[in-house]
Protein chains: 2
Amino acid sequence: MEEITIKDIAKICGVGISTVSRAINNHPDINPETKEMIMRVIQENNYIPNNSARNLKRQDAKAIAVLVKGIDNSFFSAMIRVLEQEIKEKKYTMVLRHVDFAEDEVDVALKLVKEKRLRGIIFLGGYLLHSEEKLAQLHVPFILCTIGTGPVGYSRNTYSSVAVDDARESYKMVDYLCKSGHRDIAIICACETDASIGMLRLQGYKKALQDNGIPVKEELILPMKPDLEDYSLENGYEVTKEFLAKGTPCTAIYAISDILAIGAGKALSDAGYRVPEDISLAGFDGVEIGKYVIPALTTIKQPVDSMARETARILFEIISGREQHQHRIFEGELTIRESTRNL
Amino acid sequence: MEEITIKDIAKICGVGISTVSRAINNHPDINPETKEMIMRVIQENNYIPNNSARNLKRQDAKAIAVLVKGIDNSFFSAMIRVLEQEIKEKKYTMVLRHVDFAEDEVDVALKLVKEKRLRGIIFLGGYLLHSEEKLAQLHVPFILCTIGTGPVGYSRNTYSSVAVDDARESYKMVDYLCKSGHRDIAIICACETDASIGMLRLQGYKKALQDNGIPVKEELILPMKPDLEDYSLENGYEVTKEFLAKGTPCTAIYAISDILAIGAGKALSDAGYRVPEDISLAGFDGVEIGKYVIPALTTIKQPVDSMARETARILFEIISGREQHQHRIFEGELTIRESTRNL
């Protein structure tokens, strides 16, 4: 028997399709008698409204969770877009969760794992300092994306990772500034307890200074303010504003993210400094807006698209059982724009 | 086979439950050898710590889909953050899907509805020009958030909406520019076929000019380039670059989004124009970065947080059956910063 459609019902009833739809959906905007007639015809003809027909074969897609540490980061937004695309292509659903800095991302992950559809987890940003036991409870493959260090003491063949070499890329930037004649280079960095990219990028800064024969000065190391959102425009602004008020000599400011650098740029402008004439300014990440701020921002460009695609590729390979865990390091690109100059 | 419990593990190991728990949770207060033994037994028995009890009652959370039209929009990012929070609080999962400008968001929604967990849909941005029949197939409540016009000819008591009055807010901005002495005000707007906020913001522009006795000039209406991403930095940049090359007299540029305006600002700077000394520049939306660009951007601030919270509130009220569909209009705020001046 051919299946009866909503069209057929409408024909039999002598009404429009929308009227049938209204009847089915219990819409208030329909004459009660018409509705009754339609529902009777539907019953008589064993018509299964679309919805229930679908019910029979409805299936929940398997899911991949993406856990993002930190808020509103343009770098992650670009990454999530690509991840979403890749996950969709594999017919999986992406479950996106932002994790506040105060939250424990593994606890969040453990809660998500309760969803039986979950097949894998992508940790984006932040850092993982959890015991092997705790991570083992996840019971689904996971991959760390742009997380500097893996979990301390955790064997590297139980998880995968994709990142740039944050220490080396940071070294590249600071070495470039040194070679441009800068000696008093301030760094806007993570707080002391940071064990992730913040620590690595600071290491690269110190090593580049040392290799260029420049002593590291504590007063040029400017950690983000713990009471403000990490890696935010506001944090970059406030740290710089406070630093400038002290009058510590400095010819360049390097922020470990572009967003921090843009905040710093505004503080410089507000205090009457010209970039790069008075102070050079550099960031890290290569977010798109960096090209459009004035002056355009010198940065280390991370290959976001490739990194996101590789993250998804590795995770799906592991889910399918075809591959072992992997650790992929991508190369960043020193991108010199208008915000830095030779001294 | 019956599932192994923490009790069984304790029995096998000859220890108490609390000791097993300490081992699992990496508690320092446990003999390392005991811990190792317990962890081995756990592994051998495929015991799933902590989760196991939960396993039995594992349930997929009900889901709300958020469908975002367009790419990488900081305005939407801020909104999504709040929506995620609100959805999480109600113990629902957020399924996020970006919809390309070429994609049909209702088709995407129809596919998502196949997930039996789905209880509601939030359409973010874009516009809906679909037949009532097609939308009726969604069979779950939906709400339009920051979508200027509802579906044409669709009765307003079958969906909810949250938005600002785009025509009126746009009018505010252009009226302010006129009252500041500007007469040649260019607008970077949506393409002609736009039936959404693009159209409404253009209407507001035209009406404000008329009310100020200024004729609308076609050569000052600059639609985004259809071959570039809508509402992108690049689009604002390219449209402005092309416009400036023509030399059409103009003392102010108003872009219908902040991101377009920031792109425009870069094109102005590259062409040697100073903002606001030579040309005033204004945007729309009130994204955070607008405060940090140089000069800080004059804009219409949409109350993102309140709008997102209200969107979630209304949707959940409808899902729970406690309320009828609603249409909420929020007030925007003309926010004058550094990028505009009196002539």
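Anyway, here's the lowdown on the structure attached to this text. None of the values given here were measured: they were computed from a predicted structure.

## As for the sheet that holds strand β8 (residues 252-255) of chain A
All names here are of chain A.
Turning to step 1, where the next piece is worked out: Spatially, the 4 strands line up as an open sheet ordered β7-β6-β8-β9, and their pairing is parallel. Strands with a single pairing partner mark the edges of an open sheet, and in this sheet they are β7 (221-223) and β9 (280-282). This sheet shows a mean twist of 15° between the axes of neighbouring strands, independent of strand direction.
Turning to step 2, where the next piece is worked out: Here strand β6 (residues 185-189) runs beside β7; their pairing, made up of 3 bridges, is parallel. When the bridges of β7 are listed, Ile188 appears paired with Leu222.
Turning to step 3, where the next piece is worked out: Each of β6, β8 and β9 touches helix α8 (residues 166-179); the most contacted strand, β8, lies at about 175° to it.

## Comments concerning the packing of helix α2 (residues 17-24) of chain A against helix α3 (residues 32-44) of chain A
All names here are of chain A.
Turning to step 1, where the next piece is worked out: Two numbers describe how α2 lies on α3: the axes approach to 9 Å, and their chain directions differ by 90°. Viewed along their axes, α2 and α3 adopt a mutual orientation that is roughly perpendicular. When α2 is examined against α3, the residues Thr19, Val20 and Ala23 are found in contact with a partner set consisting of Thr34, Lys35, Ile38 and Met39.
Turning to step 2, where the next piece is worked out: Here the contact of α2 with α3 is composed, by residue class, of 4 nonpolar, 2 polar and 1 charged.

## A closer look at the pairing of strand β6 (residues 185-189) of chain B
All names here are of chain B.
Turning to step 1, where the next piece is worked out: Of all 5 residues that make up β6, 5 are buried, and the element is covered over most of its length.
Turning to step 2, where the next piece is worked out: A two-sided burial pattern is seen for β6, the buried positions comprising Ile185, Ile187 and Cys189 on one face and Ala186 and Ile188 on the other.
Turning to step 3, where the next piece is worked out: As paired strands, β6 and strand β8 (residues 252-255) are joined by 4 bridges and run parallel to one another. Each bridged residue has a counterpart across the sheet, and for Ile185 the counterpart in β8 is Ala252.

## Overview of the sheet that holds strand β9 (residues 280-282) of chain B
All names here are of chain B.
Turning to step 1, where the next piece is worked out: Strand order in the open sheet made by the 4 strands is β7-β6-β8-β9, with parallel pairing throughout. A strand with exactly one partner marks an edge of an open sheet, and here the two such strands are β7 (221-223) and β9. Taken over all neighbouring pairs, the strand axes of this sheet differ in orientation by 15° on average, direction set aside.
Turning to step 2, where the next piece is worked out: Against the sheet, helix α9 (residues 197-211) touches β6 and β8, its axis set at about 170° to β6.

## Section: the packing of helix α1 (residues 6-13) of chain B against helix α2 (residues 17-24) of chain B
All names here are of chain B.
Turning to step 1, where the next piece is worked out: Contact geometry of α1 with α2 gives a least axis separation of 8 Å together with a crossing angle of 100°. By the criterion of interaxial angle, the relationship of α1 to α2 is roughly perpendicular. Contact with α1, carried on its side by Ile6, Lys7, Ile9, Ala10 and Cys13, involves Ile17, Val20 and Ser21 of α2 and no other residues of that element.
Turning to step 2, where the next piece is worked out: Across the contact of α1 with α2, the residue classes break down as 6 nonpolar, 1 polar and 1 charged.

Definitions and cut-offs
Residues numbered from 1 in each chain as written. Chains lettered and ligands numbered in written order. Predicted model: local features only at pLDDT ≥ 70, side-chain atom pairs only at ≥ 80, totals over all residues. Pairing = 2+ DSSP bridges. Helix = DSSP H or I, 4+ residues; strand = E, 2+ residues; numbered from the N terminus. Axes fitted to C-alpha atoms, helices over the stretch in contact; angles between N-to-C directions. Contact = placed C-beta atoms within 7 Å. Parallel < 35°, antiparallel > 145°, perpendicular 65-115°, else oblique. Nonpolar A, V, L, I, M, F, W, Y, C, P; charged D, E, K, R; others polar. Buried ≥ 20, exposed ≤ 12 C-beta atoms within 10 Å, placed from the backbone.

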